[in-house]
Amino acid sequence: MAIDKGHRFGIDFDDAFPQGLVMVGEVSPDKEYQSREDRAANRPVRQRVDEVTGKRQWKVMVTDPAETRAKRASFEITLLADVQPVPTTSEALPGMRPIELDGLTAEPRVAGQGEFKYQSYVFRATGFKQATSNAKTSRSGGTGETPKAA
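All figures in this text were calculated on a predicted structure; none of them were measured in a lab. (Residues numbered from 1 in each chain as written. Predicted model: local features only at pLDDT ≥ 70, side-chain atom pairs only at ≥ 80, totals over all residues. Heavy atoms only, no water.)

## Some details on the overall build of the chain
Okay, so step 1: Broken down by element type, the chain carries 4 helices and 9 strands.
Okay, so step 2: Listing every helix and strand of the chain by position from the N terminus yields β-α-β-α-β-α-β-β-β-β-β-β-α.
Okay, so step 3: Long-range pairs, those at least 24 residues apart, make up 60% of the contacts in the chain with a sequence separation of at least 6.
Okay, so step 4: As presented, the chain carries roughly 10,500 Å² of accessible surface, and 51% of it is formed by carbon and sulfur atoms. (Helix = DSSP H or I, 4+ residues; strand = E, 2+ residues; numbered from the N terminus. Contact = heavy atoms within 4.5 Å. Areas by Shrake-Rupley, 256 points an atom, 1.4 Å probe, with all protein chains shown as cover.)

Structure, rendered in structure tokens:
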């Protein structure tokens, strides 16, 4: 039994990102490449459409606080939705907000160059989840339980 190239594995957000993610910036459309000739002819820039789901692609820059290597800590995640997804959390710092993703998938890829190749993943999601208070507590090192009064 073989797994086809480009297979997307469904994964739980807490398994993929145990300390959560921090969104940096805003959600923006993932636009197709436009050649110099296309720009000169004033052709409109088209938004990419996912070949598997048929939904529009949006991109967002995130940082994984659990990643120890600085070069791999920040990366883009593709959101697949007909309309632009809106984060459900407020900003912790200007331009930065903790997020949880809904409908997360991971597609294995090889990244790096030459002899410095490593296993990487392309993450896609269908939108943002409403953050729960238990998840925030457990990510910050707590037990997720409320303290009992003595």
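Read on, since the account is not over.
## Focus: the pattern of salt bridges
Okay, so step 1: Enumeration over the complete set of coordinates arrives at 10 salt bridges.
Okay, so step 2: Arg48 is the partner of Asp30 in a salt bridge, and the nearest nitrogen-oxygen pair spans 3.7 Å. Here Asp30, found in the loop between β2 (21-29) and α2 (36-40), pairs with Arg48, found in the loop between α2 and β3 (57-63); they are 18 residues apart in sequence, far enough to count as distant.
Okay, so step 3: Overall, Asp30 belongs to the buried group, its relative accessible area being 12%.
Okay, so step 4: Note that Asp38 is salt-bridged to Arg43, the shortest N-O span being 2.6 Å.
Okay, so step 5: Accessibility expressed as a relative area gives 24% for Asp38, which makes it partly exposed.
Okay, so step 6: Members of the salt-bridge network, linked through shared partners, are Arg8, Asp50 and Glu51. (Salt bridge = Lys/Arg side-chain N within 4 Å of Asp/Glu carboxyl O. Buried < 20%, exposed > 50% of the residue type's maximum accessible area, 1.4 Å probe, protein only.)

## Considerations on the nonpolar core
Okay, so step 1: Counting 19 residues, the largest nonpolar core has Leu21, Ile77, Leu79 and Leu101 as its most contacted members.
Okay, so step 2: With sequence-adjacent residues up to four places away left out, Leu101 is seen in contact with Phe13, Leu21, Ile77, Leu79, Ala125, Gly127, Phe128 and Lys129. (Core = buried A, V, L, I, M, F, W, Y, C linked by side-chain atoms within 4.5 Å.)

## Here's the deal with the environment of Ser90
Okay, so step 1: Note on placement: Ser90 falls in the loop between β4 (74-80) and β5 (96-99).
Okay, so step 2: When near neighbours in sequence (up to four residues on either side) are disregarded, Ser90 contacts Arg97 and Pro98.

## What about the environment of Glu100?
Okay, so step 1: You can see Glu100 is positioned in the loop between β5 and β6 (101-102).
Okay, so step 2: Its relative accessible area of 6% is what places Glu100 among the buried residues.
Okay, so step 3: In sequence terms Glu100 and Leu21 are 79 residues apart; their C-alpha atoms lie 6.8 Å from each other.

## Considering the packing of aromatic side chains
Okay, so step 1: Tallied over the entire structure, the rule returns 5 aromatic pairs.
Okay, so step 2: Centroid distance Phe17 to Phe75: 6.1 Å. Interplanar angle 25°. Geometry classified as stacked. Placement of the pair is Phe17 in the loop between α1 (13-16) and β2 and Phe75 in strand β4, with a sequence separation of 58 residues. For the residue pair Phe17 and Phe75, the accessibility class agrees, reading buried in each case.
Okay, so step 3: Relative to Phe123, the ring of Tyr121 lies with its centre 6.0 Å away and its plane at 40°, an arrangement referred to as tilted.
Okay, so step 4: Under the relative-accessibility criterion, Tyr121 is labelled partly exposed at 44%.
Okay, so step 5: Within the aromatic cluster, the residues linked to one another by ring pairs are Phe13, Phe17, Phe75, Tyr121 and Phe123. (Phe/Tyr/Trp six-rings, centres within 6.5 Å; stacked < 30°, edge-to-face > 60°.)

## What about the sheet that holds β5?
Okay, so step 1: As summarised here, the arrangement of the 7 strands in space is β1-β7-β8-β4-β3-β2-β5, forming an open sheet in which the pairing is mixed. The open sheet has two free edges, formed respectively by β1 (9-10) and β5, since each of these has just one partner strand.
Okay, so step 2: Two elements, β2 and β5, share 4 bridges in a ladder whose sense is antiparallel. Directly across from Met23, in β5, lies its bridge partner Arg97. (Pairing = 2+ DSSP bridges.)

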